[in-house]
Amino acid sequence: LEVATEEEAFGALVGWESRQASPPSPEELLSLLSAIRFRSMAASFLREVVSTHPLLARATPDQAAKAAVLAIADSVEGAARARGKRRRGAAGADTAAGSSSNSSSGNSSSSGSGGGR
């Protein structure tokens, strides 16, 4: 299967499952679901599409798959928040470094050295 995103992989699995003459067993569905990299999906897609899809209930009637998907969504959201904080922190450090280097009085231009990129 060649897809650009894991969301597309999930959609392909849903489409494949719906076209089967006899429904795949829960074990088969779990095996196929395990091949999808859910951590690469957007948390909103996990919550709004994957966790609510009937395929998960068919794979695990006890709602274990749904609980796992929601836990992954929480993890994805937490990682995104941490990345955002690191970016904001780095941007603040860059701004502070830029203002301190701009305030120095040294001239760093090269003259005739051919040091261009």
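Look above for the structure.
Residues numbered from 1 in each chain as written. Predicted model: local features only at pLDDT ≥ 70, side-chain atom pairs only at ≥ 80, totals over all residues. Heavy atoms only, no water.

Draft legend 1. Here's a closer look at the side chain of Ser 51. Mapping Ser 51 onto the fold places it in the loop between α3 (43-50) and α4 (54-59). Judged by relative accessible area, which is 6%, Ser 51 ranks as buried. Each residue touching Ser 51, except ones within four places of it in the same chain, is listed here: Leu 46, Leu 56, Lys 66, Val 69 and Leu 70. (Helix = DSSP H or I, 4+ residues; strand = E, 2+ residues; numbered from the N terminus. Buried < 20%, exposed > 50% of the residue type's maximum accessible area, 1.4 Å probe, protein only. Contact = heavy atoms within 4.5 Å.)

Draft legend 2. Structural detail: unusual backbone geometry. One non-glycine residue, Gln 63, lies in the positive phi region at around 70 degrees. You can see Gln 63 is positioned in the loop between α4 and α5 (64-102). Using a relative accessible area of 38% as the deciding quantity, one classes Gln 63 as partly exposed.

Draft legend 3. Inspection of the nonpolar core at higher detail. Ranked by internal contacts, the top residues of the largest apolar core, which has 20 residues, are Phe 10, Leu 33, Ile 36, Phe 38, Leu 46 and Val 50. Breaking this core down by element, the ones donating at least two residues are α1 (6-18), α2 (26-33), α3, α4 and α5. Of all the elements, α5 adds the most residues to this core, at five residues. Once residues within four sequence positions are removed from consideration, Phe 38 is found in contact with Phe 10, Leu 33, Leu 46, Val 50 and Ile 72. (Core = buried A, V, L, I, M, F, W, Y, C linked by side-chain atoms within 4.5 Å.)

Draft legend 4. Representation of the packing of aromatic side chains. Counted under the stated rule, the structure contains one aromatic pair. Ring geometry for Phe 10 against Phe 45: centres 6.4 Å apart, planes inclined by 85 degrees, an arrangement best described as edge-to-face. With a gap of 35 residues between them, Phe 10 in helix α1 and Phe 45 in helix α3 connect regions that are remote in the sequence. (Phe/Tyr/Trp six-rings, centres within 6.5 Å; stacked < 30°, edge-to-face > 60°.)

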